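# Structure assessment
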Amino acid sequence: MVLFLSLLALLNSFSPKVKIENAWVRPAARGMNSALYFNLDNVTTKADALYKVTSKSAEVVQLHSTVKNNDGTMGMKEIKQIAIPAKSVVKFEPGGYHVMLINLKRSLRPHSKIEFTFYFKSAGKVKVKAIVKKE
Amino acid sequence: MKTTINKMVNILATAALLLILLYSCGCGQKLPENRPSGIKPVRLLNQDSSIINFPDAFKGKTLLLSFIYTNCPDICPMTTHNMQLIQEQLKKENIDYVRLAEMSFDPARDTPHILKEFGDIRDIDYKNFTFLTGNSQDIKNILDSMNILALPGDTTKTESGNIVYFFTHTDRITLIDKEGKIRNEYRGSKTNIQQIINDIKTLGD
Ligand SMILES: [Cu+2]
């Protein structure tokens, strides 16, 4: 039974999942906010969705979208989840989708790294390391 | 007959050449705006808590002024990054008559100390770059006269009791000439840096 389960786990780790690429975060001082950006590459033939991201380095982590209003002003809104259709790439990039980091527990200096856990509907939990950079 | 045609070709070629010269040297270019900023002189603070008489401290210099708040995670850092790129380009081209300033529209939270942290973590070169904050009413008057909107959204409280709110705001960089007149306005976050550099050159020293 144990062998069977570990074999299953092994198989699962080889099965294709949504890939998280080029994860990076903006520099920010402790107590301030920042944003995480990346590309989600769904190489599978099944749609998936990102519904949560966590980090020990921020008090609150939310999925956000930057929005442009009719009067030209910019704002943001929280979103519950982001669909990643089969065989497609969804970009989290400046001025668009971002993972919002509220009340940082430490300063994020350029070139340092920060860890996140991504939660997908199908792919489950995935750990990601992002680099802090100015851009 | 042939010489007449030749003469005409010559005249046309010369005219075309003159036109090209006129455009390439920028002498024929006009900036879209030329209006007073309407800002009444006030005392603001920079990131070191030094008093900056605004806008008088920038008279005689070309000023590139942008509007931000440091709790902004996405748009304002893009604007700040663009300001830094412009600063680097100006340095490369030895253009020394420009000052860059970022004014906070969230003076309640953006104290000089917070602005300094925001700048330091981005390695801002403060030589010709300054952050500005001040008394809420003074800032509001400046925003109003420059048509900058900044509306705070709903406030939420985190588990640790931290108060969180964001602004819906105008995304802008403004070019002000040495007489204090507004000469052009650009988007702050996604902007054509080369156009701003060209406009600065058009204004000249
Ligand atoms: Cu956000």
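For clarity, every value in this text was computed on a predicted model and none was experimentally measured. (Residues numbered from 1 in each chain as written. Chains lettered and ligands numbered in written order. Predicted model: local features only at pLDDT ≥ 70, side-chain atom pairs only at ≥ 80, totals over all residues. Heavy atoms only, no water.)

## Here's the deal with the overall build of chain A
Keep this limit in mind: Only DSSP runs of H or I with at least four residues qualify as helices, and only runs of E with at least two residues qualify as strands; both kinds are numbered from the N terminus onward. In this scheme, a residue with accessible area under 20% of its type's maximum is buried, one over 50% is exposed, and one in between is partly exposed, where area comes from a 1.4 Å probe on protein chains only. Here, two residues are considered to be in contact whenever any of their heavy atoms come within 4.5 Å of each other. Only the protein chains shown count as cover for residues, and the accessible areas themselves come from Shrake-Rupley with a 1.4 Å probe.
Looking only at helices and strands, chain A features 1 helix and 10 strands. Secondary structure elements in chain A, listed N-terminal to C-terminal, are α-β-β-β-β-β-β-β-β-β-β. Going through the 135 residues of chain A one by one, you find that 47% of them count as buried. Long-range pairs, those at least 24 residues apart, make up 64% of the contacts in chain A with a sequence separation of at least 6. Accessible surface computed for chain A: about 7,300 Å², of which carbon and sulfur atoms make up 55%.

## Digging into the interface of chain B and chain A
Convention followed: Buried area, as used here, totals the accessible surface that two parts lose on assembly, with accessibility defined by a 1.4 Å probe and the loss added over both. By definition here, a salt bridge exists when the distance from a side-chain nitrogen of Lys or Arg to a carboxyl oxygen of Asp or Glu is within 4 Å.
Contacts between chain B and chain A engage 28 residues on the former and 34 residues on the latter. Approximately 2,300 Å² of surface area, both sides summed, lies buried where chain B meets chain A, with 60% of it carried by carbon and sulfur atoms. When residues of chain B are sorted by the area they lose upon contact with chain A, Pro73, Asp74 and Ile121 of chain B head the list and together hold 28% of the total. The interface formed by chain B and chain A holds 1 salt bridge in total.

## So, the packing of aromatic side chains
Residues and elements named next belong to chain B. For the record, the criterion: For Phe, Tyr and Trp, where Trp contributes only its six-membered ring, two rings pair if their centres lie within 6.5 Å, and the inter-plane angle classes them as stacked under 30 degrees, edge-to-face over 60, or tilted in between.
Inspection of the entire model under this criterion finds 14 aromatic pairs over all chains. An angle of 40 degrees between the planes, with centres 5.4 Å apart, marks the rings of Tyr69 and Phe105 as tilted. Of the two residues, Tyr69 is situated in the loop between strand 4 (62–68) and helix 2 (75–92) and Phe105 in the loop between strand 5 (98–104) and helix 3 (112–120); the sequence distance between them amounts to 36 residues. Exposure remark for Phe105: the relative accessible area of 5% places this residue in the buried category. Ring centres of Tyr69 and Phe167 lie 5.0 Å apart, and the angle between their planes is 65 degrees; this geometry places the pair in the edge-to-face category. Residue Tyr69 is found in the loop between strand 4 and helix 2, and its partner Phe167 is found in strand 10 (residues 167–169); the two are separated by 98 residues along the sequence. When sorted by exposure, Tyr69 lands in the same class as Phe167, which is buried.

## Some points on the coordination of the copper ion
All names here are of chain A. This is how it is decided: Note on donors: an N, O or S atom is included if it sits within 2.8 Å of the metal, or within 3.2 Å for Na, K and Ca, and water is never included, so sites can look incomplete. Here the metal geometry follows the donor angles, with tetrahedral for four donors whose angles all fall between 85 and 135 degrees, square planar for four and octahedral for six when opposite donors are more than 155 degrees apart and every other angle is between 65 and 115, and irregular for all the rest.
For the copper ion, the full set of protein donor atoms is His64 (ND1), Met76 (SD), His98 (NE2) and Met100 (SD), at a range of 2.1 to 2.6 Å. Around the copper ion, the 4 donor atoms are arranged such that angles at the metal cover 98 to 118 degrees; this shape is classified as tetrahedral. Taken in chain order, the donor set of the copper ion reads H-x11-M-x21-H-x1-M. Placement of His64 in strand 4 (residues 58–68) and of Met100 in strand 8 (residues 97–104) is noted, with a sequence separation of 36 residues between them. The pair formed by His64 and Met100 is uniform in burial state, with each residue classed as buried.

## Points about the nonpolar core
Our working rule: Here, the term nonpolar core denotes a set of buried Ala, Val, Leu, Ile, Met, Phe, Trp, Tyr and Cys residues that are joined through side-chain atoms within 4.5 Å.
Membership of the largest hydrophobic core comes to 54 residues, with the highest contact counts inside it found for Phe54, Leu64, Leu65, Met103, Leu132, Met146 and Ile200 of chain B. The element best represented in this core is helix 2 of chain B, accounting for 6 residues. For Met103 of chain B, the contacting residues outside a window of four places in its chain are Leu44, Phe54, Leu65, Ser66, Phe67, Ile68, Leu132, Ile139 and Ile142 of chain B. Grouped together as the second largest cluster of nonpolar side chains are 34 residues, Ile20, Ala28, Val99 and Phe116 of chain A included.

## Some details on the sheet that holds strand 1 (residues 35–36) of chain B
All names here are of chain B. Heads up, the rule is: Think of it this way: DSSP has to see at least two bridges between two strands before they count as a pair.
What the 6 strands build is an open sheet, ordered 1-12-11-4-5-6; its pairing is mixed. One side of each edge strand has no neighbouring strand; the edge strands of this open sheet are strand 1 and strand 6 (129–132). Of the pairings in the sheet, the one linking strand 4 to strand 11 (residues 172–176) comprises 4 bridges and is antiparallel in character. Across the sheet, the residue bridging to Ser66 is Ile173, located in strand 11.

## Brief notes about the side chain of Ser37 of chain B
Residue and element names in this part refer to chain B. Tracing the sequence through the fold places Ser37 in the loop between strand 1 and strand 2 (42–45). Assessed through its relative accessible area of 8%, Ser37 is described here as buried. Non-local contacts of Ser37, meaning those with residues more than four positions away in its chain, are made with Ser145, Met146, Gly180 and Ile182.

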